[in-house]
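# Fold and geometry: a report
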Amino acid sequence: MPLIQITLTGPQAAPATIQRLQQEMTRLMASILHKEATLTVVSVTQLPEGACSANGQAVTTGASLQALITAGTNSAAEKAAFIFAAKRLLTATFGPSNAPLYVALHELPADSWGYDGQTQAARKAQQLIGETA
């Protein structure tokens, strides 16, 4: 159940490009981090050129990604593979950036987040009860 937020800086991307990016990012989450594609939410925010800076200089083309995942559900190797693949996807989609391209995975405790009004910990507990019943 990842929640992904991508921020783009520079020329406005076409809606079809954004949709492909969202689909590919969902695929990466499923294939590398083993997350449910049906529960993966990807939002994209586009900032105008100059709305972001690196080293005090306007970023003309850039991207960053932040994703929330449940703590302890992925290995260090899986997380590293996702960060590499996400950077590669962003660069392939939008070209090189004139700023560092950050990809951040934020791991949250299962009892601190969830969806549809229920924490991940509560969902896991219900699943375990269902398996033993």
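My aim in this report is to walk through the structure given alongside it, one point at a time.

What counts as what
- Residues numbered from 1 in each chain as written.
- Predicted model: local features only at pLDDT ≥ 70, side-chain atom pairs only at ≥ 80, totals over all residues.
- Heavy atoms only, no water.
- Pairing = 2+ DSSP bridges.
- Helix = DSSP H or I, 4+ residues; strand = E, 2+ residues; numbered from the N terminus.
- Axes fitted to C-alpha atoms, helices over the stretch in contact; angles between N-to-C directions.
- Contact = heavy atoms within 4.5 Å.
- Expected span 1.5 Å × (residues − 1).
- Buried < 20%, exposed > 50% of the residue type's maximum accessible area, 1.4 Å probe, protein only.
- Arc of directions from axis to C-beta.
- Phe/Tyr/Trp six-rings, centres within 6.5 Å; stacked < 30°, edge-to-face > 60°.
- Lys NZ or Arg CZ within 6 Å of the ring centre and 35° of its normal.
- Parallel < 35°, antiparallel > 145°, perpendicular 65-115°, else oblique.
- Left-handed = near helix turned anticlockwise from the far one by under 90°.
- Nonpolar A, V, L, I, M, F, W, Y, C, P; charged D, E, K, R; others polar.
- Core = buried A, V, L, I, M, F, W, Y, C linked by side-chain atoms within 4.5 Å.
- 1 Å grid on protein atoms, 1.4 Å probe; cavity = no way out; pocket = protein on both sides within 12 Å on 5 of 7 lines; lining within 4 Å.
- Points joined across faces, edges and corners; volume = space filled by probe spheres on them.

Strand order in the open sheet made by the four strands is β2-β1-β5-β6, with mixed pairing throughout. At either end of the open sheet lies a strand with only one pairing partner, and these are β2 (41-47) and β6 (102-108). Between one strand and the next, the sheet's axes are offset by a mean angle of 15°, whatever the strand orientation. In the sheet, strand β5 (residues 62-70) pairs with β6 via seven bridges, with the strands oriented parallel. Residue T70 lies in a different strand from β6, and its bridge partner there is L108. Together, β1 (3-9), β2, β5 and β6 form the strand contacts of helix α1 (residues 15-33), whose direction differs from that of β2 by roughly 135°. Taken strand by strand, helix α2 (residues 76-94) contacts β1, β5 and β6, and its axis lies near 140° from that of β6.

Let us now look at α2. Taking 1.5 Å as the rise per residue, α2 with 19 residues should run 27 Å; its terminal C-alpha atoms sit 27 Å apart, in good agreement. Buried within α2 are the following residues: K79, F82, A85, A86, L89 and L90. The arc enclosing the buried residues of α2, seen along the axis, measures out at 135°, which places them on a common side. Facing away from the buried side of α2 by more than 90 degrees, the exposed set consists of A76, A77, F84, R88 and A92. Against β1, α1, β5 and β6 lie the buried residues of α2. Of the residues trailing α2, G95 is marked for its positive phi of about 85°.

A complete count under the given rule lists zero aromatic pairs for this structure. Its guanidinium or amino end placed over the ring of Y115, R123 lies 3.6 Å from that ring's centre, counting from NZ or CZ.

The N-to-C vectors of α1 and α2 enclose an angle of 165°; their axes lie 10 Å apart at closest approach. One way to sum up the angle between α1 and α2 is to call them roughly antiparallel. As α1 runs across α2, the sense of the crossing is right-handed. Here T17, L21, E24, M25, L28, M29, I32 and L33 of α1 lie close against α2, whose contacting residues are E78, K79, A81, F82, A85, A86, L89, L90, T93 and F94. Looking at the contact of α1 with α2 residue by residue, the class counts come to 13 nonpolar, two polar and three charged.

What follows is about the nonpolar core. If you look at the biggest cluster of nonpolar residues, it comprises 23 residues, and the most contacted ones within it are I4, I6, M25, L28, M29, L65 and F82. Secondary-structure elements contributing two or more residues to this core are β1, α1, β5, α2 and β6. Here this core gets seven residues from one element, more than from any other, and that element is α1. M25 has contacts with I4, I6, V42, L65, F82, A86 and L89, leaving out every residue within four places of it along the chain.

Time to look at the layout of surface pockets. What the largest pocket holds in volume is close to 450 Å³. Lining the largest pocket are 18 residues, and of these M1, E36, T70, T73 and Q120 lie nearest its centre. Listed by contribution, the elements that provide at least two residues to the lining of the largest pocket are β5 and α3 (120-132). By residue number, the principal contributor to the lining of the largest pocket is α3, which donates four residues. Of the residues that constitute the lining of the largest pocket, the class distribution is eight nonpolar, six polar and four charged. Here the second largest pocket is characterised by a volume of approximately 160 Å³. For the second largest pocket, the lining is made up of 14 residues, of which C52, A63, S64, A99 and P100 are closest to its centre. For the lining of the second largest pocket, the secondary structure elements donating two or more residues are β1, β3 (53-54) and β5.

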